[in-house]
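# Observations on chain architecture
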Amino acid sequence: MGAGYRLYLASLILGLRRKRVSEIKDHQSTSNSKDAMLEIKDLHAGFEGTQIIKGISLTINKGEIHAIMGPNGSGKSTLAKVLVGHPDYEVTAGQVTFNGKDLLAMDPEQRALEGLFMGFQYPVEIPGVNNAEFLRLSYNAKLVHAGQEEVDPLDFDEILDEKMKLVGMDKKYKDRSLNEGFSGGEKKKNEILQMAVLDPKLAILDETDSGLDIDAMKVVAQGINKLINKDKGLILITHYQRLLNYIQPDFVHVFGDGKIIKSGDKSLAHELEAQGYDWLTAAKN
Ligand SMILES: Nc1ncnc2c1ncn2[C@@H]1O[C@H](COP(=O)(O)OP(=O)(O)OP(=O)(O)O)[C@@H](O)[C@H]1O
Ligand SMILES: [Mg+2]
């Protein structure tokens, strides 16, 4: 359960293992386009011999927001988890480059340190791991990877206060165990708090809107908007057009049975809201 990199970061806290920066291999550049942040080419992946992702090609350039929609079970979360290196899934064909480096050759933790982040549809509870401590060690791991000095707990506390304000989270969640006993909406906010602290180059947010009340969704969406800029990329997986009123996508892709069956601009999300998916799947069959 959970993604390897998140568990890795948790394991740093638990003192189970610490990867030295010098151990992190430099991956060769294989990209052609200088603005392409993520290039997925004909990706096939699955779980224990079952194909779930059946040939996905997608390029995310710097500054772009892509929404991914599609019916339940069409492979949206699986794609996201494959991209962050979830150990349950096996890539059977295709290539993925992230900022010109071979993403699939990297460990989950390297992917995170290189600036890839995923906010989970079902965030994992890690009892015994203090939320603020987890965030501080995650933050410091990224600083060390970037060749910078770690911040001390007092300075981090100020950084954390500012980030919590950004996502509309009460300070009392600092001292709770990571996601343990958090309500559905609190877990989603905590995912965005992690994003705010880690400041990723590319964030994949899997149904962040589900579980958030209407006011919380607005605050979180405003927070996300403040975290992205022309150098960042964002993939929003969502079932509802409503989120896209607050975070405007440049592209909308519809998944169907492990493939992208239609891509368009944000008007596609309105069409889906009005008509559902039948017209797309019917056209396909
Ligand atoms: N670890 C797994 N074990 C067994 N089946 C899996 C596993 N992961 C994914 N699948 C199957 O792969 C398919 C795609 O699942 P996925 O979670 O990617 O769908 P999704 O598009 O995110 O759906 P939803 O909108 O409901 O979140 C589903 O049929 C799911 O049951
Ligand atoms: Mg899903």
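One can find the structure itself at the top, above this paragraph.
No experiment lies behind these values; they were computed from the predicted model shown.

Reading the values: rules and limits
Residues numbered from 1 in each chain as written. Chains lettered and ligands numbered in written order. Predicted model: local features only at pLDDT ≥ 70, side-chain atom pairs only at ≥ 80, totals over all residues. Helix = DSSP H or I, 4+ residues; strand = E, 2+ residues; numbered from the N terminus. Buried ≥ 20, exposed ≤ 12 C-beta atoms within 10 Å, placed from the backbone. Near = placed C-beta within 6 Å. Nonpolar A, V, L, I, M, F, W, Y, C, P; charged D, E, K, R; others polar. Axes fitted to C-alpha atoms, helices over the stretch in contact; angles between N-to-C directions. Parallel < 35°, antiparallel > 145°, perpendicular 65-115°, else oblique. Left-handed = near helix turned anticlockwise from the far one by under 90°. Contact = placed C-beta atoms within 7 Å. Expected span 1.5 Å × (residues − 1). Pairing = 2+ DSSP bridges. Right-handed = clockwise from strand over helix to strand, strands pointing away.

### So, unusual backbone geometry
The phi dihedral of Glu-48 falls on the positive side, at around 45°, and the residue is not glycine. If you trace the backbone, Glu-48 turns up in the loop between β1 (36-47) and β2 (50-61). Assessed through the 7 C-beta atoms surrounding it within 10 Å, Glu-48 is described here as exposed. You will see that Asp-199, though not glycine, has its phi angle at about 45°, which is positive. Of note, Asp-199 is situated in the loop between α6 (184-198) and β9 (202-206). Judged by the 14 C-beta atoms lying within 10 Å of it, Asp-199 falls in the partly exposed class.

### Let's talk about the site of ligand 1
Every residue lining ligand 1 is accounted for by Phe-47, Ile-52, Gly-70, Asn-72, Gly-73, Ser-74, Gly-75, Lys-76, Ser-77, Thr-78, Asp-88 and Gln-121. The element best represented in the shell around ligand 1 is helix α2 (residues 76-84), accounting for three residues. For the shell around ligand 1, the per-class residue count stands at two nonpolar, eight polar and two charged.

### A word on the packing of helix α5 (residues 153-166) against α6
Two numbers describe how α5 lies on α6: the axes approach to 9 Å, and their chain directions differ by 130°. Judged by the angle between their axes, α5 and α6 are oblique. Read as a crossing pair, α5 and α6 show a hand that is right-handed. Where α5 approaches α6, its residues Leu-160, Lys-163, Met-164 and Leu-166 are matched on the opposing element by Leu-193, Ala-196 and Val-197. Each residue belonging to the contact of α5 with α6 can be placed in one class, and the counts come to six nonpolar, no polar and one charged.

### Brief notes about α6
A rise of 1.5 Å per residue sets the reference length of α6, with its 15 residues, at 21 Å; its end C-alpha atoms lie 21 Å apart and thus fit the reference within 8%. In terms of residue burial, α6 counts as a mostly covered element, since 13 of its 15 residues are buried. Looking one or two places after α6, you find Asp-199, whose phi comes out positive at around 45°.

### Focus: the pairing of β9
A large share of β9 lies buried, amounting to five of its five residues. Burial of β9 is two-sided: the residues Leu-202, Ile-204 and Asp-206 facing one way and the residues Ala-203 and Leu-205 facing the other way are all buried. In this structure, strand β6 (residues 116-119) lies alongside β9, joined through four bridges in parallel fashion. Directly across from Phe-117, in β9, lies its bridge partner Ala-203. Handedness of the crossover is the feature at issue here: the chain leaves β9, passes through helix α7 (residues 214-227), returns alongside strand β10 (residues 233-237), and the resulting connection is right-handed.

### Details of the sheet that holds β10
Ordered by their spatial adjacency, six strands build an open sheet running β6-β9-β10-β3-β11-β12, and the pairing between neighbours is mixed. Unpaired on one side and paired on the other, β6 and β12 (259-264) mark the two borders of the sheet. Going across the sheet, the axis of each strand differs from the next one's by a mean of 20°, ignoring polarity. Here five bridges tie strand β11 (residues 251-256) to β12, and the two strands are oriented antiparallel to one another. Each bridged residue has a counterpart across the sheet, and for His-253 the counterpart in β12 is Ser-263. Its contacts with the sheet put α6 on β6 and β9, and the angle it makes with β6 is roughly 165°.

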